[in-house]
Amino acid sequence: MLKRPGEYEPPLGKIWTRAESRMWTITMFSGTCVLYAARASLPICAAAVAKEFAWNKTDSGTVLSCFFWGYALTQVFAGRIADKYGAEKILPYSSLAWTMITFFTPHLFDFAYWTNYPLVVLLTIRILTGVCQAFHIPSLASIVSKHLAAADKGRVFGIVLAGSHWGTVLAGAIGSILIEWIGWRSLFQFVGILSLVWCWIFRWVLDKKNGTDKKHDTIESHLSANTPCPSVPWGTLFRHPAFWAAAVAQYTGGNSYSILFNWLPSYFHETFPTAKAVVYNVVPSLAIVVTSLVAPVMASRALAEGKTVTYTRKLMEGASLIGIAFCLMLVPMTSSFWLSLLIFTMAMAARGLHHGGVSVNPHDFAPNHAGSVFGVFNACGAITGFVGVYIAGHILEATNNNWSYVFIVTAAQCVVGAMVYTLLGTGQKII
């Protein structure tokens, strides 16, 4: 079979059958779903938590953003650990850790204010949560890179990442009801229990995989299991302008999503106080759920029609970033709740196209080092979680809650990201 330039075989390893691919895709998709449900819990109930503990905008921005201190810094080496020691060995422990922290977050917050150093304890809790969650996505990238052919990696990994938006919808829909009826603490306990169920399912899938591998043990699988993890030629990667173009696009797109993800509930709560939380916490995320699932299929269809990987990635990412920028520039001109909701829904829908663009780019330019490279690469997007979100809080504090400045600055960054990636991005193999 002829290969399109940029498509390469994965490292030596057992390629999943169709049934195995389906089972693992569903498992990884649902895992990403509960991961993001846990991550979205605090932003969704931030207004209620801030009211109880008397936080101002800077306090809220600090507590929301410090999660990404641990998340971004850990991602730099999380992918390498997953590639070297095996993602299947890392994930059960890291997942159980953030699951337990999520469940006990309300108790830990209460404990923080019982001590004489509440801010230190709060920051420690959030940073530790970020450290534990940082292993999840790079580990999934490592698993996908080792068990799928090149033509299937982008599609499957794009679908797996789409689980993040399902998790946000789940937390937004059920969380809004729980917060209104029972209180914000119930959301963390609900998501914690749900995540614990997934940990058990993942353990079951791993046991089934290990049993199948023993039953069908071959010389090839034995060699694969003992093949040392190749070193990553970081110098070659870092000297290539296409990597940095992708990093810029990842950063600017990640910044827009982080700000919407963390601040949108607060924006609607303050700007339209009579609006139903379940509406604005769910509707925008529903749009990104649809487009994030459609985007990998659109990209695969474009490739099947003969379009190059580079053209496809640039088209999808450019449409995503320009679409977000256009929508955010419209926000200051609106004063209606429903029109604002429509604009933010369109912005989130545009963000979903990212799953056919830069989101899966590491599988293109580093097919044999996807876990390691994705960890470093995704850290570029995660940095926005503590830089962008924190700065947004300061802007709001300094301008007496003028949200227009936040959205216009974010839109300008998206335009820059689109221009850089369109000019320098690639879908070809770099290392």
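Residues numbered from 1 in each chain as written. Predicted model: local features only at pLDDT ≥ 70, side-chain atom pairs only at ≥ 80, totals over all residues. Heavy atoms only, no water.

Caption draft 1: Local environment of the packing of aromatic side chains. Throughout the structure, instances matching the rule amount to 38 aromatic pairs. Relative to Phe188, the ring of Trp184 lies with its centre 6.0 Å away and its plane at 85°, an arrangement referred to as edge-to-face. Here the residue Trp184 and the residue Phe188 both occupy positions in helix α9 (residues 184-215), the gap between them amounting to four residues, near one helical turn. The exposure class assigned to Trp184 is buried, which follows from its relative accessible area of 5%. The buried category is assigned to Phe188, whose relative accessible area is 3%. Ring centres of Phe238 and Trp244 lie 5.8 Å apart, and the angle between their planes is 40°; on these two criteria the pair is classed as tilted. Phe238 gets classed as partly exposed once you look at its relative accessible area, which sits at 34%. Assessed through its relative accessible area of 42%, Trp244 is described here as partly exposed. (Phe/Tyr/Trp six-rings, centres within 6.5 Å; stacked < 30°, edge-to-face > 60°. Helix = DSSP H or I, 4+ residues; strand = E, 2+ residues; numbered from the N terminus. Buried < 20%, exposed > 50% of the residue type's maximum accessible area, 1.4 Å probe, protein only.)

Caption draft 2: Local environment of the packing of helix α1 (residues 18-44) against helix α8 (residues 150-181). α8 packs onto α1 with a crossing angle of 40° between their chain directions and a minimal axis gap of 6 Å. Considering the angle they form, α1 stands oblique to α8. When you trace α1 past α8, the crossing you get is right-handed. Classifying every residue of the contact of α1 with α8 gives 16 nonpolar, eight polar and no charged. (Axes fitted to C-alpha atoms, helices over the stretch in contact; angles between N-to-C directions. Parallel < 35°, antiparallel > 145°, perpendicular 65-115°, else oblique. Left-handed = near helix turned anticlockwise from the far one by under 90°. Nonpolar A, V, L, I, M, F, W, Y, C, P; charged D, E, K, R; others polar.)

Caption draft 3: Structural view of the nonpolar core. Within the largest apolar cluster, 107 residues are counted, with the highest numbers of intra-cluster contacts made by Phe109, Phe157, Tyr267, Phe268, Phe344, Phe365 and Phe407. A total of 13 residues in this core trace back to one element, the largest contributor, which is helix α12 (residues 241-271). Leave out the neighbours within four places in its chain, and Phe268 touches Pro273, Tyr280, Phe337, Ser340, Leu341 and Phe344. (Core = buried A, V, L, I, M, F, W, Y, C linked by side-chain atoms within 4.5 Å. Contact = heavy atoms within 4.5 Å.)

Caption draft 4: Structural context of unusual backbone geometry. The phi torsion at Ala54 lies on the positive side, around 60°, for a residue other than glycine. Along the chain, Ala54 falls in the loop between α2 (46-53) and α3 (57-65). Residue Ala54 is classed as exposed on the basis of its relative accessible area, which comes to 65%. Phi at Asn401 is positive, roughly 65°, even though this residue is not glycine. Relative to the helices and strands, Asn401 resides in the loop between α18 (370-398) and α19 (403-424). Accessibility expressed as a relative area gives 32% for Asn401, which makes it partly exposed.

Caption draft 5: Representation of the packing of helix α4 (residues 67-85) against helix α6 (residues 118-133) within the structure. Viewed as axis vectors pointing N to C, α4 and α6 meet at an angle of 30°, and their least axial separation amounts to 6 Å. The orientation of α4 with respect to α6, classified from their angle, is roughly parallel. As α4 packs across α6, the resulting crossing turns out to be right-handed. Touching Phe67, Trp69, Gly70, Tyr71 and Thr74 of α4 are Leu123, Arg126, Ile127, Thr129, Gly130, Val131 and Gln133, all from α6.

Caption draft 6: The pattern of salt bridges, seen in detail. With the rule as written, the count across this model stands at six salt bridges. For the salt bridge of Glu270 with Lys57, the shortest nitrogen-to-oxygen distance reads 2.2 Å. One end of the pair, Glu270, is in helix α12; the other, Lys57, is in helix α3, and 213 residues separate them in sequence. Classification of Glu270 by relative accessible area gives partly exposed; the value is 33%. Given the relative accessible area of 13%, Lys57 is considered buried. For Arg313, the salt bridge identified is with Asp364, shortest N-O distance 2.6 Å. Of this pair, Arg313 sits in helix α15 (residues 309-330) while Asp364 sits in helix α17 (residues 361-365), placing them 51 residues apart in sequence. Each member of the pair, Arg313 as well as Asp364, carries the same accessibility label: buried. Through salt bridges with shared partners, a single ionic network connects Glu52, Asp110 and Arg185. (Salt bridge = Lys/Arg side-chain N within 4 Å of Asp/Glu carboxyl O.)

Caption draft 7: The arrangement of empty space enclosed by the protein in detail. Enumeration according to the criterion identifies three cavities of 30 Å³ or more in this entry. Of the voids in this model, the largest cavity is the one considered here, and its volume is about 380 Å³. In terms of lining residues, the largest cavity is bounded by 21 residues, among which Tyr36, Gln250, Tyr257, Arg351 and Asn378 are the most central. Secondary-structure elements contributing two or more residues to the lining of the largest cavity are α1, α4, α8, α12 and α18. Looking at the lining of the largest cavity, the element that brings in the most residues is α12, giving five residues. For the lining of the largest cavity, a count of residues per class yields nine nonpolar, ten polar and two charged. Its boundaries defined by the atoms lining it, the second largest cavity holds a volume of some 130 Å³. What lines the second largest cavity is a set of 13 residues, and nearest its centre among them are Thr168, Phe261, Pro265, Asn281 and Ser285. (1 Å grid on protein atoms, 1.4 Å probe; cavity = no way out; pocket = protein on both sides within 12 Å on 5 of 7 lines; lining within 4 Å. Points joined across faces, edges and corners; volume = space filled by probe spheres on them.)

Caption draft 8: Looking closely at the confidence of the model for the protein chain. Here the protein chain averages 87 in pLDDT, and 92% of its residues register 70 or above. When pLDDT is averaged over each element of the protein chain, α15 comes out on top at 96 and helix α10 (residues 219-225) at the bottom at 47. Within the model, pLDDT remains below 50 along residues 1-12, and this stretch shows 32 contacts once partners closer than five positions in the same chain are excluded. Segment residues 219-225 is flagged for pLDDT under 50; beyond a separation of four residues in sequence, or across chains, it makes seven contacts in the model. (pLDDT = per-residue confidence, 0-100.)

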